[in-house]
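Descriptive structure summary
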Amino acid sequence: MKLRLLSLLLCAVFLIPLASCAAERHDLLYETTVGGYTYCVRGTDFRAKQLVVKQGDEIVWSQKVKVDATVGSLGGNYGLEVLDLNFDGNLDLMIADGKAGDEVSYLCWLWDAKKETFAKSEELSGLCNVAVDAELKAIFAFSHSYEYEPAYDDAPSNEKTVDSTTKYVWKDGVLTPAIRVSITHDSATDLYCYSVAYYNEKTQAFDDSDDNWLTPEEYEKADLSFLYYFK
């Protein structure tokens, strides 16, 4: 009898955390219904803290999220997107978790059809300005870097900025880079370097880039909408 009571108590102990994980917490900040499911962002003070997916009134998935205060409501949907990220015909999830200037980073989950649940994608999570091109079956991501070189001997100080867009494709379930386009600006020369580099799967690195130098006047006239696709 004592063993039976102990077993029941242990079951109750394990079930309580499971039930609490599935509970809706915080305030409802945003929700959208797609394909019969309702996707909810819950949090406090314009800061997302939980994602919840429901079918009717039933919670089918929930996930605690850590989002930086810089994100805010981000376009009114708190950076939540419901879309097919790996082109398998199933809807996946991503939500913005940080914002710095033009860069918006994301947390991403892919639908696992076998397990019938969402699984975090470490490959996609952390990429910035994630954009999906269903026609090309490609993922695009943006990055910005800044480097300051102090004056040395007769050389003046230099500020170098690099804006890059990388195209990724899925190969055997692995997110693989394909091509990277960059614009580098050196303040010392006030010249811009437009470069294109292709990913080498054998070396698992980008090959040497093809560079084209632009004057400020040429840069102003150049069509760089493909590089700044998110604006």
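The residue numbers shown here count from 1 along each chain, following its written sequence. Only residues with pLDDT of 70 or above have their local features reported here, since the model is predicted, and side-chain atom pairs are shown and tallied only from 80 upward, although totals for entire chains, interfaces and linings are computed over all residues. To obtain the side-chain values, all non-hydrogen atoms of the structure were included, while hydrogens and water were left out.

Note: pLDDT gives the predictor's confidence per residue, expressed from 0 to 100. Mean pLDDT over the chain works out to 90, with 90% of the residues at or above the 70 mark. Pairs of residues are marked as contacts when any of their non-hydrogen atoms sit within 4.5 Å. Note that residues 1-20 has pLDDT below 50 and, in this model, 1 contact with residues that lie over four places away or in other chains.

Take a side-chain nitrogen of Lys or Arg and a carboxyl oxygen of Asp or Glu: if they are within 4 Å of each other, that pair is a salt bridge. With the rule as written, the count across this model stands at 4 salt bridges. A salt bridge links Arg42 to Glu24; its shortest N-O distance comes to 3.2 Å. Of the two residues, Arg42 sits in strand E2 (residues 37-44) while Glu24 sits in the loop between helix H1 (2-21) and strand E1 (27-34), which places them 18 residues apart along the sequence. Burial classes follow relative accessibility: with a 1.4 Å probe on protein chains only, a residue under 20% of its type's maximum area counts as buried, one over 50% as exposed, and anything between as partly exposed. Taking relative accessible area as the criterion, Arg42 reaches 12% and is therefore assigned buried. Residue classification places Glu24 among the partly exposed positions, given a relative accessible area of 36%. A salt bridge links Glu201 to Lys171; its shortest N-O distance comes to 2.4 Å. By definition, any uninterrupted DSSP run of H or I lasting at least four residues is a helix, any uninterrupted run of E lasting at least two residues is a strand, and each is numbered from the N terminus.

The phi torsion at His26 lies on the positive side, around 65°, for a residue other than glycine. Mapped onto the fold, His26 is located in the loop between H1 and E1.

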